[in-house]
Amino acid sequence: DTRVRIPGRSGYDRINAAHAYGGPELAVRTVENLLGVDVDYYVRIDYKGFETIIDTLGGVVIDVERPMRYVDRAQGLDIDLNPGVQLLNGKQALDYVRFRDGLGDVALVDPETMTFGGRVERQLKFARALANQAFSARTLLSAPKLFSQLKGTVATDMPAKVAFDLLVAIQALPSIEVESAVLPGTGMTVDGASYWVINEPL
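*Asks:* What should I look at first to understand the overall build of the protein chain in this one?
*Replies:* Within the protein chain one finds seven helices and twelve strands. In the protein chain, which comprises 202 residues, the proportion classed as buried is 33%. The contacts of the protein chain with a sequence gap of at least 6 include a subset with a gap of at least 24, amounting to 52%. Counting only carbon and sulfur atoms, one obtains 54% of the accessible surface of the protein chain, whose full area is about 12,700 Å².

*Asks:* So what exactly am I meant to see when it comes to the packing of helix α3 (residues 90-98) against helix α4 (residues 119-134) here?
*Replies:* Geometry of a packed helix pair, given as the angle between the helix axes and the separation of the axes. Following both chains from N to C, one finds α3 and α4 inclined at 140 degrees, their axes separated by 8 Å at the closest point. The orientation of α3 with respect to α4, classified from their angle, is oblique. Judged by residue contacts, A93, Y96, V97 and R98 of α3 engage R119, R122, Q123, K125 and F126 from α4. Taken together, the residues that form the contact of α3 with α4 break down as four nonpolar, one polar and four charged.

*Asks:* Sorry, what's going on with the packing of helix α2 (residues 47-56) against α3 here?
*Replies:* Contact pair α2 / α3: the axes reach a minimum separation of 7 Å and the direction vectors enclose 125 degrees. One way to sum up the angle between α2 and α3 is to call them oblique. When the axes of α2 and α3 are compared, the crossing they make is right-handed. Contact with α2, carried on its side by Y47, F50, E51, I54 and D55, involves G90, K91, A93, L94, V97 and R98 of α3 and no other residues of that element. Its residues assigned to classes, the contact of α2 with α3 shows six nonpolar, one polar and four charged.

*Asks:* Can you help me understand a nonpolar patch on the surface in this one?
*Replies:* Together, L35, V37 and L183 line one region of the surface with nonpolar side chains, adding up to about 220 Å² of accessible area. With respect to the helices and strands, L35 occurs in helix α1 (residues 17-35). According to the relative accessible area criterion, L35 is partly exposed, its value standing at 44%.

*Asks:* How do you make sense of the layout of surface pockets when you look at a structure like this?
*Replies:* Empty space among the atoms becomes visible once a probe the size of a water molecule is rolled across them. Taken as a whole, the second largest pocket encloses approximately 350 Å³ of empty space. The wall of the second largest pocket is formed by 14 residues, among which R3, L34, I198, N199 and E200 lie closest to the centre. Counting residues per element, the ones that place at least two in the lining of the second largest pocket are β1 (3-4), α1 and β12 (193-198). A per-element tally of the lining of the second largest pocket places α1 first, with three residues. Residue classes in the lining of the second largest pocket are distributed as eight nonpolar, three polar and three charged.

*Asks:* Any chance you could explain the packing of aromatic side chains here in plain terms?
*Replies:* Centre-to-centre distance and the angle between the planes together describe a pair of aromatic rings. A complete count under the given rule lists two aromatic pairs for this structure. Taken together through their ring pairs, the aromatic side chains of F50, Y96 and F126 make up a single cluster. Here the basic side chain of R3 rests over the ring of Y195, its NZ or CZ set 5.6 Å away from the ring centre. Positioned above the aromatic ring of Y12 is the side chain of R5, whose terminal nitrogen or guanidinium carbon lies 4.3 Å from the ring centre.

*Asks:* Can you help me understand the nonpolar core in this one?
*Replies:* Across soluble globular proteins, nonpolar side chains show a tendency to be buried alongside one another. Within the largest apolar cluster, 21 residues are counted, with the highest numbers of intra-cluster contacts made by Y96 and F126. Sorting the residues of this core by element identifies α2, β4 (60-64), β6 (77-81), α3 and α4 as the ones contributing at least two each. Counting residues per element, this core draws most heavily on α3, which supplies four residues. Non-local contacts of F126, meaning those with residues more than four positions away in its chain, are made with F50, I54, V60, I62, A93, Y96 and V97.

*Asks:* Sorry, what's going on with the side chain of D72 here?
*Replies:* In this structure, D72 sits in strand β5 (residues 68-72). As a buried residue without a salt bridge, D72 has its nearest oppositely charged side chain in R98, at a separation of 7.4 Å. Of note is the side chain of D72, whose polar atom sits 3.3 Å from the side chain of Y70.

*Asks:* Honestly, the pattern of salt bridges in this entry has me stumped. Any pointers?
*Replies:* As a working rule, side chains carrying opposite charge can pair if their charged atoms are close by. Going through the model one piece at a time under the given rule, you end up with five salt bridges. Put simply, R69 and D78 hold a salt bridge, and the shortest N to O gap is 2.6 Å. Measuring nitrogen to oxygen at the nearest pair gives 2.8 Å for the salt bridge that ties D165 to K161. Of this pair, D165 and K161 both sit in helix α7 (residues 160-172), four residues apart, roughly one helical turn. Judged by its relative accessible area of 60%, K161 falls in the exposed class.

Conventions and cut-offs
Residues numbered from 1 in each chain as written. Predicted model: local features only at pLDDT ≥ 70, side-chain atom pairs only at ≥ 80, totals over all residues. Heavy atoms only, no water. Helix = DSSP H or I, 4+ residues; strand = E, 2+ residues; numbered from the N terminus. Buried < 20%, exposed > 50% of the residue type's maximum accessible area, 1.4 Å probe, protein only. Contact = heavy atoms within 4.5 Å. Areas by Shrake-Rupley, 256 points an atom, 1.4 Å probe, with all protein chains shown as cover. Axes fitted to C-alpha atoms, helices over the stretch in contact; angles between N-to-C directions. Parallel < 35°, antiparallel > 145°, perpendicular 65-115°, else oblique. Nonpolar A, V, L, I, M, F, W, Y, C, P; charged D, E, K, R; others polar. Left-handed = near helix turned anticlockwise from the far one by under 90°. Patch = residues over 30% accessible without salt bridge, like charges linked within 9 Å, V, L, I, M, F, W, Y side chains within 5 Å. Salt bridge = Lys/Arg side-chain N within 4 Å of Asp/Glu carboxyl O. 1 Å grid on protein atoms, 1.4 Å probe; cavity = no way out; pocket = protein on both sides within 12 Å on 5 of 7 lines; lining within 4 Å. Points joined across faces, edges and corners; volume = space filled by probe spheres on them. Phe/Tyr/Trp six-rings, centres within 6.5 Å; stacked < 30°, edge-to-face > 60°. Lys NZ or Arg CZ within 6 Å of the ring centre and 35° of its normal. Core = buried A, V, L, I, M, F, W, Y, C linked by side-chain atoms within 4.5 Å. Lys, Arg positive; Asp, Glu negative; His and termini not counted. Polar contact = N/O pair within 3.5 Å; in protein donor to acceptor, adjacent residues only side chain to side chain.

Here it is in structure tokens:
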């Protein structure tokens, strides 16, 4: 819901609208403009592909913070997760990252420590857990098999040779650390629409 300017369009919009307007290419340009960085490659995964990836990896261990129960027939959602550390399969993992509580997508919980809460924080937590498992020695050793199983579940503009070279480089590293952050901002309603409005640079 981050409020941004999308290249080629007037005014402001939610950042996720960029993909609807112009696919992954426009989404990449929008992110580049927002962050002032170059994005070399993209990987696009739909819900089914997400479930397939998690199941192919054998699930992901995550600490579910609270009981998560939510039903939305219109979206085909029937989420029912118990709290505690557990191994989530593909469907459960998708439920975990899609669950939305009273904090919405993102909310500033503690301004002094810049602590955020909401669905985005859970998604970042999950991404870190997934990366740690995906880059484990056991998973990397079976990478060729994983690639064949995942073929067709993702779309990317990354050449196969680049993906292979990255895999070789990752295998040579003693450990992998994934960094993530939330752009500081405020939840606001503008012209009747809800946005995450990021703070202007100082």
